[in-house]
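Take a look at the letters that make up each chain.
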Amino acid sequence: MEQRECRLENLVMEAFLRENYAGKKVLVTGHTGFKGSWLLVWLKQLGAEIMGYAKAPETQEDLFNQISGEDYCYSVIGDVLDKSVLSKCISDFQPSFVFHLAAQPLVRTSYEIPVETFEVNTIGTANVLDAVRIISGKCTVVIITTDKVYENQEWPYPYREVDALGGYDPYSASKACAELVTNSYRNSFFNVKTVSVHQKAVATARAGNVIGGGDWARDRIVPDIVRALQSKNLIPLRNPAAIRPWQHVLEPLFGYLLLGAKLALEPEIYSTAWNFGPNTNDILSVEKLAHLALQVWGEGDIQKLDLADQPHEAGVLKLDISKTYKVLQWRPYLNTHEAVEKTIQWYKSFILKEKNASELILADIASFLNQINESE
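Residues numbered from 1 in each chain as written. Predicted model: local features only at pLDDT ≥ 70, side-chain atom pairs only at ≥ 80, totals over all residues. Heavy atoms only, no water.

(A) A look at the overall build of the protein chain. Along the protein chain, the regular secondary structure elements total 15 helices and 13 strands. Relative to its length of 376 residues, the protein chain is compact, with a C-alpha radius of gyration of 20 Å against a globular reference of 21 Å. Seen through its C-alpha atoms, the protein chain measures out along the principal axes to roughly 60 × 40 × 40 Å. Within the protein chain, the proportion of its 376 residues that are buried is 57%. Sequence-distant contacts in the protein chain: of pairs separated by 6 or more residues, those separated by 24 or more amount to 81%. Across the protein chain, the 37 positively charged side chains and the 46 negatively charged ones have centroids separated by 4 Å. (Helix = DSSP H or I, 4+ residues; strand = E, 2+ residues; numbered from the N terminus. Rg over C-alpha atoms; globule rule 2.2 N^0.38 Å. Buried < 20%, exposed > 50% of the residue type's maximum accessible area, 1.4 Å probe, protein only. Contact = heavy atoms within 4.5 Å. Lys, Arg positive; Asp, Glu negative; His and termini not counted. Charge placed at Lys NZ, Arg CZ, Asp CG, Glu CD.)

(B) Region of the structure containing the sheet that holds strand 1 (residues 25–29). Pairing in this open sheet of 7 strands is parallel, and the strands run 3-2-1-4-5-6-11 from one edge to the other. One side of each edge strand has no neighbouring strand; the edge strands of this open sheet are strand 3 (74–77) and strand 11 (273–276). Sheet twist, expressed as the average angle between the axes of neighbouring strands with direction ignored, equals 20°. Judged from the 4 bridges that link them, strand 6 (residues 200–207) and strand 11 form a sheet pairing that is parallel. Bridging from a neighbouring strand, alanine 207 pairs with phenylalanine 276 of strand 11. Helix 4 (residues 83–93) rests against strand 1, strand 2 (49–54) and strand 3 of the sheet, and its axis sits at about 175° to strand 2. (Pairing = 2+ DSSP bridges. Axes fitted to C-alpha atoms, helices over the stretch in contact; angles between N-to-C directions.)

(C) View of the side chain of aspartate 320. Considering the arrangement of structural elements, one finds aspartate 320 in the loop between strand 13 (302–304) and helix 13 (322–328). Buried charge aspartate 320 goes without a salt bridge, the closest partner of opposite sign being arginine 160 at 5.4 Å. In this structure, aspartate 320 is in contact with Pro158, Tyr159, Arg160, Glu161 and Asn275, ignoring residues within four places of it in sequence. (Salt bridge = Lys/Arg side-chain N within 4 Å of Asp/Glu carboxyl O.)

(D) Layout of the side chain of aspartate 215. Topologically, aspartate 215 is positioned in the loop between strand 7 (209–211) and helix 9 (221–230). Judged by relative accessible area, aspartate 215 falls into the buried class, the value being 5%. A distance of 3.1 Å separates a polar atom in the side chain of aspartate 215 from the backbone nitrogen of alanine 217. One polar contact links aspartate 215 to arginine 220, side chain to side chain, over a distance of 3.1 Å. Sequence-distant contacts of aspartate 215, defined by excluding residues within four places in its chain, comprise Phe34, Arg220, Pro223 and Tyr347. (Polar contact = N/O pair within 3.5 Å; in protein donor to acceptor, adjacent residues only side chain to side chain.)

(E) Main features of the pairing of strand 2. Across the 6 residues that make up strand 2, a large majority, 5, are buried. Pairing of strand 1 with strand 2 involves 5 bridges; the strand directions are parallel. Residue pairing in the sheet places leucine 27 in a bridge with methionine 51 of strand 2. Strand direction decides the pairing type here: strand 2 and strand 3, joined by 4 bridges, are parallel.

So this is what it looks like as structure tokens:
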């Protein structure tokens, strides 16, 4: 099948996204999480009819509570491991799009609860796909995994979508398993050769280390930085030399939305895996990111921790985004310095009560869309 013209040139990005999501039923699993909350606000702005399915937020400070997330969607508090409840919700809602973000998302936590991590990230993904399998009608599914699905050789070369999957820690391995589960369902039940029959399309999205305002999770560098700065303590750095593909949260979310829209139009082309990350020459170590955050905040200092017995975490990790750039026509619009500055300014404005969380997210979305349109 020849690829129809679906290029971004000569299109206002917000109009393109609105055309594909306005009035559509969209299910977001993991909607009470950090990225899920940002996605709710964006989808609501695009005019989508949203159902969220996830566990309850852990604390009152979680972003979902700060934005009054129930105002953005029909929120179902449930577990992706509860197959019968999940399946009924999906069957009753009959979504046109599914964005599967529900996960145990932390590497260090996965060492504490390895079995639960494998269950949620692997079996939970299978439960979502199986629920989609038995509904009637057209449904487009984007499974969110991670850049850590690759068998990390600690080499300086960026990983491509065709490189071997693996995972040293339980989190990384569980997400690699989610990729295998997705590929199995795609081959067995959602094969592109018979898409006219089953009407389902499935892709996976592998994003790097995402930063942005409103993330308060433990053992993540930016929340750790903000908490330390708020309390006027030194910023603790566990692995200061580690290199990560940092990106602002709106970068992968834009990628997910763009992928979902194009996947619905041409599943034969887009039903595969996609990397979303910064340009390979635009990376920072943990220490450099912390120093940049200090510059934006205006005060503070770091403390390098000597943790000889800490759990293993990757030292070097880079993504090759050339396929996503050429085929999906997605690219990063914010460099790492801009992403860090935008993120820290979000927290400063929120803490000073200059704007509430929803207003800050909407302002960042508007600014991001303007940057996209001006660059096209």
